[in-house]
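Residue-level listing of the chains:
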Amino acid sequence: MRIAVTGGAGYIGSHTCVELLGAGHEILILDNFANAERDVPDQIAAIAGQGVEVAEVDLVDKPALARALEGFCPEAAVHFAGLKAVGEAVEKPLDYYRVNVAGSLNLLDEMTRIGCERLVFSSSATVYGAPEQVPIPESHPLAPTNPYGQTKMMVERIIEDLGRARPDFSAVSLRYFNPVGAHPSGRIGEAPRGVPNNLMPFIADVAAGMRPEMKVHGNDWDTPDGTGIRDYIHVMDLAAAHLAAIEVTGEGPGVQAINVGSGRGHSVMEMIRAFEAASGRPVPYTVSDRRPGDIATSLADPTLAASRLNWRATRDLATMCADAWNWRSGRSG
Ligand code: WQD
């Protein structure tokens, strides 16, 4: 199929493009490269052994978006493009509503206009907010605690309403837990601009000697070792979930949200130890105060992904760390 991938030069998007190409799909990457290296499409092509079409487009530029889509005539779309830093969203909420919500509205408008009615949307477990129960099922109330999570919940709701209005529309919103790792080739991976917000890229920077130490945000959480527990998943497992979701959108109309996590958790200290083992490098740390809005434990209930997508996370923590280190150690700086 012809599949338009917005944000396809980004971290999750690039790995998903590799999976889609490997499954024989033809893709068009739509990206404004605001948070993606310009050589990523070439790296994707080198891994997949085939070229990819690229349109440098910002989803808030609706005429440019329309031209790119009309030229490619996609049969489906995978929508990653958006801003995703929680702290930045608190400081600049209007940017997040403009890019994540208005940009998604433009995409849905143009898809509807050209008759492209199959969508996989990049959502996030952040829509759950502070969980009332763990593991978290898809039926858990949505209560995002920051503007980034609000935008993800709003776009999920917009997609649901579009599904009620358009009898042939089919969509899956994937609620990611904590994606980490990189393609084993070391050609693509997570390349955050500036100071990494997330744990794994920060640990990798410390192991690479780029940062002297990391801060463990609290060791007095209600967890076995006192540090935060999260449901980490290898980005290649996450990419495979998108391929499965695209197939499901071809089975008939309807909209559903599905967790993408393993159901297994690891603490910050376990991540540090695992990364030291994988890299052979020390990861010095000091314990700091908790981050505002942080939670002790977040784990997915992966039952629906297994039953509806026939998908499970397959790669273990050692592989996540080894692939993350292979990527990070191959980069300069
Ligand atoms: C993981 C654990 C921290 C950094 C975020 C977003 C979420 C999603 C995934 C987009 C926590 C601890 C972290 C550090 C630390 N992104 N930590 N020192 O907070 O679960 O989720 O990323 O969809 O929206 O909220 O991930 O990697 O930031 O933190 O101790 O320098 O590592 O306290 O326990 P999080 P994270």
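Numbering of residues begins from 1 in every chain and follows the order in which that chain's sequence is written. Reporting of local features is limited, given that this is a predicted model, to residues whose pLDDT is at least 70; pairs of side-chain atoms are given and counted only at 80 or more, and all residues count toward the totals for whole chains, interfaces and linings. Derived side-chain values reflect all non-hydrogen atoms in the structure, with water molecules and hydrogen atoms excluded from consideration.

**A short note on the overall build of the chain**
Thought 1: What the chain contains, in helices and strands, is 11 helices and 13 strands.
Thought 2: Restricting the calculation to C-alpha atoms gives the radius of gyration, and the globule rule supplies 2.2 Å times the number of residues raised to the power 0.38. Computed over C-alpha atoms, the radius of gyration of the chain comes to 19 Å, within 12% of the 20 Å expected from 2.2 N^0.38 for 333 residues, which places it in the range of a compact globule.
Thought 3: With respect to the principal axes defined by its C-alpha atoms, the chain has extents near 55 × 40 × 40 Å.
Thought 4: Classification of residues uses two cut-offs on accessible area relative to the type maximum, computed with a 1.4 Å probe and protein chains only: under 20% is buried, over 50% is exposed, and between them is partly exposed. Across the 333 residues in the chain, those meeting the buried criterion constitute 54%.
Thought 5: Here, two residues are considered to be in contact whenever any of their heavy atoms come within 4.5 Å of each other. The contacts in the chain between residues at least 6 apart in sequence include a share of 80% that link residues at least 24 apart.
Thought 6: Here the Shrake-Rupley method, with its probe set to 1.4 Å, supplies the accessible areas, and only the displayed protein chains count as covering residues. When the accessible surface of the chain is summed, it comes to about 13800 Å², and 50% of that surface belongs to carbon and sulfur atoms.
Thought 7: Counting 29 positive and 41 negative side-chain charges, the chain places the centres of these two groups 2 Å from one another. Each helix corresponds to a stretch of at least 4 residues labelled H or I by DSSP, and each strand to a stretch of at least 2 residues labelled E; elements are numbered beginning at the N terminus. The positive count covers Lys and Arg only, the negative count covers Asp and Glu only, and His and the chain ends enter neither. By convention, the charge on Lys lies at NZ, on Arg at CZ, on Asp at CG and on Glu at CD.

**Brief notes about the environment of Arg-273**
Thought 1: Mapped onto the fold, Arg-273 is located in helix α9 (residues 268-279).
Thought 2: Distance from Arg-273 to Val-283, taken between C-alpha atoms, is 8.1 Å for residues 10 residues apart in sequence.

**Observations concerning the sheet that holds strand β5 (residues 118-124)**
Thought 1: The strand order β3-β2-β1-β4-β5-β6-β11 describes an open sheet built from 7 strands, whose pairing is parallel. A single partner strand is all that each edge strand has here, and the edge strands are β3 (53-56) and β11 (254-260). Taken over all neighbouring pairs, the strand axes of this sheet differ in orientation by 20° on average, direction set aside.
Thought 2: Pairing analysis gives 3 bridges linking strand β4 (residues 76-79) to β5, with the strands arranged parallel. If you follow Ala-77 over to β5, its bridge partner there is Leu-119.
Thought 3: Sheet strands in contact with helix α6 (residues 147-165) are β5, β6 (170-176) and β11, and its direction is about 155° off that of β5. Being paired, for any two strands, means DSSP has found at least two bridges between them. Lines fitted to the C-alpha atoms define the axes, with helices restricted to the stretch that makes contact. Angles between their N-to-C directions range from 0 to 180 degrees.

**Re the pattern of salt bridges**
Thought 1: A pairing counts as a salt bridge when a side-chain nitrogen of Lys or Arg comes within 4 Å of a carboxyl oxygen of Asp or Glu. In total, this model carries 21 salt bridges according to the counting rule given.
Thought 2: We note a salt bridge from Glu-70 to Arg-113, for which the minimum N-O separation is 2.5 Å. A residue pair is termed long-range when its members are at least 10 positions apart, and Glu-70 in helix α3 (residues 62-72) and Arg-113 in helix α5 (residues 93-114) qualify at 43 residues.
Thought 3: For Glu-70, a relative accessible area of 41% gives the class partly exposed.

**Description of the domain arrangement of the chain**
Thought 1: Along its sequence, the chain is organised into domain 1 (2-181 + 232-262 + 303-308) and domain 2 (199-229 + 264-298 + 317-329).
Thought 2: In this entry, domain limits derive from an automatic or database-based domain assignment. Put simply, the middle of domain 1 and the middle of domain 2, counted by C-alpha atoms, are 27 Å apart.
Thought 3: Listed by partner, the interface residues are 12 residues for domain 1 and 12 residues for domain 2.
Thought 4: Two parts lose some accessible area (1.4 Å probe) when they are put together, and adding that loss for both gives the buried area. Interface area, domain 1 with domain 2, both sides summed: about 1100 Å², of which 66% is carbon and sulfur.
Thought 5: At the surface where domain 1 touches domain 2, the tally comes to 0 salt bridges.
Thought 6: In protein, a polar contact requires one atom able to donate a hydrogen and another able to accept it; more generally it is a pair of N or O atoms within 3.5 Å, and residues adjacent in sequence count only if both atoms are side-chain atoms. Taken together, the connections running from domain 1 to domain 2 amount to 2 residue pairs in polar contact (both at pLDDT 80 or more).

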